[in-house]
Amino acid sequence: MKIHPWPLGIIVAFIIFCSFMIAFAVYSKSQPVELVSKDYYQKELMYQDDINEINNAIEESLIPELSKDGNKLIVSIPTEQTITEGVLHLYRPDDPSADQHFTMKNKLTGIPVEGIKSGRWEVKVRFQVNKKWYQHQQTWVK
């Protein structure tokens with residue numbers, strides 16, 4: 001009786017395939033999983049508030065302007081009224097650890113940029129005028 005080599009080949013191919021799948025699963029589990037933010041699900045629930053604030057800024061033409069003056073990023077809000085509260089968030093899409101927050105005290109705010117990495121940043125400006133919140137987000141490249 002002659003033994004055929006094809007059953008042995010199928011078994012070896014199956015073992016190689018299973019080994020590859022196990023190695024791939026171990027490798028995938030060892031990779032870091034980073035969401036956009038740690039409180040992603042809570043922010044998702046409050047997303048409609050963000051949409052309303054963005055629409056407020058568009059309807060009332062309160063779109064902040066970004067400009068660079070020397071070593072400062074200047075954020076100016078075109079309003080005659082005073083800002084009662086405001087936050088400026090610099091978000092780095094490729095490195096969440098580089099994100100920075102600044103408090104806005106008035107409609108013209110300067111932020112030092114010498115300690116900020118070069119590259120693409122998302123600038124989110126959120127401010128309050130007359131107990132109404134406004135928000136604007138745009139891309140800035142240093």
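Residues numbered from 1 in each chain as written. Predicted model: local features only at pLDDT ≥ 70, side-chain atom pairs only at ≥ 80, totals over all residues. Heavy atoms only, no water.

(A) Molecular detail of the sheet that holds strand E5 (residues 108–112). Reading across from one edge, E1-E2-E5 is the order of the three strands in this open sheet, with antiparallel pairing throughout. The open sheet has two free edges, formed respectively by strand E1 (65–69) and E5, since each of these has just one partner strand. When strand polarity is set aside, the average angle formed by the axes of neighbouring strands in this sheet is 25°. Bridge count between strand E2 (residues 72–76) and E5: five bridges; the pairing is antiparallel. (Pairing = 2+ DSSP bridges. Helix = DSSP H or I, 4+ residues; strand = E, 2+ residues; numbered from the N terminus. Axes fitted to C-alpha atoms, helices over the stretch in contact; angles between N-to-C directions.)

(B) Focus on the packing of aromatic side chains. Inspection of every chain in the model, using the stated rule, returns two aromatic pairs. Ring geometry for Phe20 and Phe24: centres 6.3 Å apart, planes at 20°, overall stacked. Separated by four residues within a single helix, Phe20 and Phe24 lie in helix H1 (residues 6–30), roughly one turn from each other. Look at Phe24 and you get partly exposed, because its relative accessible area is 47%. The cationic tip of Arg92 hangs over the ring face of Trp121; the distance from NZ or CZ to the ring centre is 5.3 Å. Geometry around Trp133 places Arg126 over its ring, the cationic atom sitting 4.1 Å from the centre. (Phe/Tyr/Trp six-rings, centres within 6.5 Å; stacked < 30°, edge-to-face > 60°. Buried < 20%, exposed > 50% of the residue type's maximum accessible area, 1.4 Å probe, protein only. Lys NZ or Arg CZ within 6 Å of the ring centre and 35° of its normal.)

(C) Seen up close, the confidence of the model for the protein. Of the residues in the protein, 97% have a pLDDT of 70 or more, and the chain-wide mean is 86. The weakest mean pLDDT in the protein belongs to helix H2 (residues 40–45) at 80; the strongest belongs to H1 at 94. (pLDDT = per-residue confidence, 0-100.)

(D) View of the pattern of salt bridges. Per the counting criterion, the structure on display carries three salt bridges. Note that Lys132 is salt-bridged to Glu60, the shortest N-O span being 2.6 Å. You can see Lys132 sitting in strand E7 (residues 132–141) and its partner Glu60 sitting in the loop between helix H3 (47–59) and E1, a full 72 residues away along the chain. A salt bridge links Arg120 to Glu122, with the shortest nitrogen-to-oxygen separation between them at 2.6 Å. Overall, Glu122 belongs to the buried group, its relative accessible area being 10%. (Salt bridge = Lys/Arg side-chain N within 4 Å of Asp/Glu carboxyl O.)

(E) Here's a closer look at the pairing of E2. Examined bridge by bridge, E1 and E2 share five bridges and lie antiparallel to one another. The partner of Lys68 across the bridge, within E2, is Leu73. Counting the residues that bridge the hairpin from E1 to E2 gives two residues, and of these Gly70 lies at a positive phi of roughly 65°.

(F) Quick look at unusual backbone geometry. A positive phi is found at Ser61, a non-glycine position, where the angle reads about 55°. Its place among the elements puts Ser61 in the loop between H3 and E1. Exposure remark for Ser61: the relative accessible area of 51% places this residue in the exposed category. Here the phi dihedral of Asn130 falls at roughly 55°; this positive angle occurs in a residue that is not glycine.

(G) Main features of the side chain of Gln135. With respect to the secondary-structure elements, Gln135 resides in strand E7. Only 3.2 Å separates the side chain of Gln135 from the side chain of Asp50, close enough to count as a polar contact. In this structure the side chain of Gln135 is engaged in a polar contact, spanning 2.7 Å, whose partner is the side chain of Glu53. Excluding anything up to four places from it in sequence, Gln135 contacts Asp50, Glu53, Ile54, Ala57, Lys124, Val125 and Arg126. (Polar contact = N/O pair within 3.5 Å; in protein donor to acceptor, adjacent residues only side chain to side chain. Contact = heavy atoms within 4.5 Å.)

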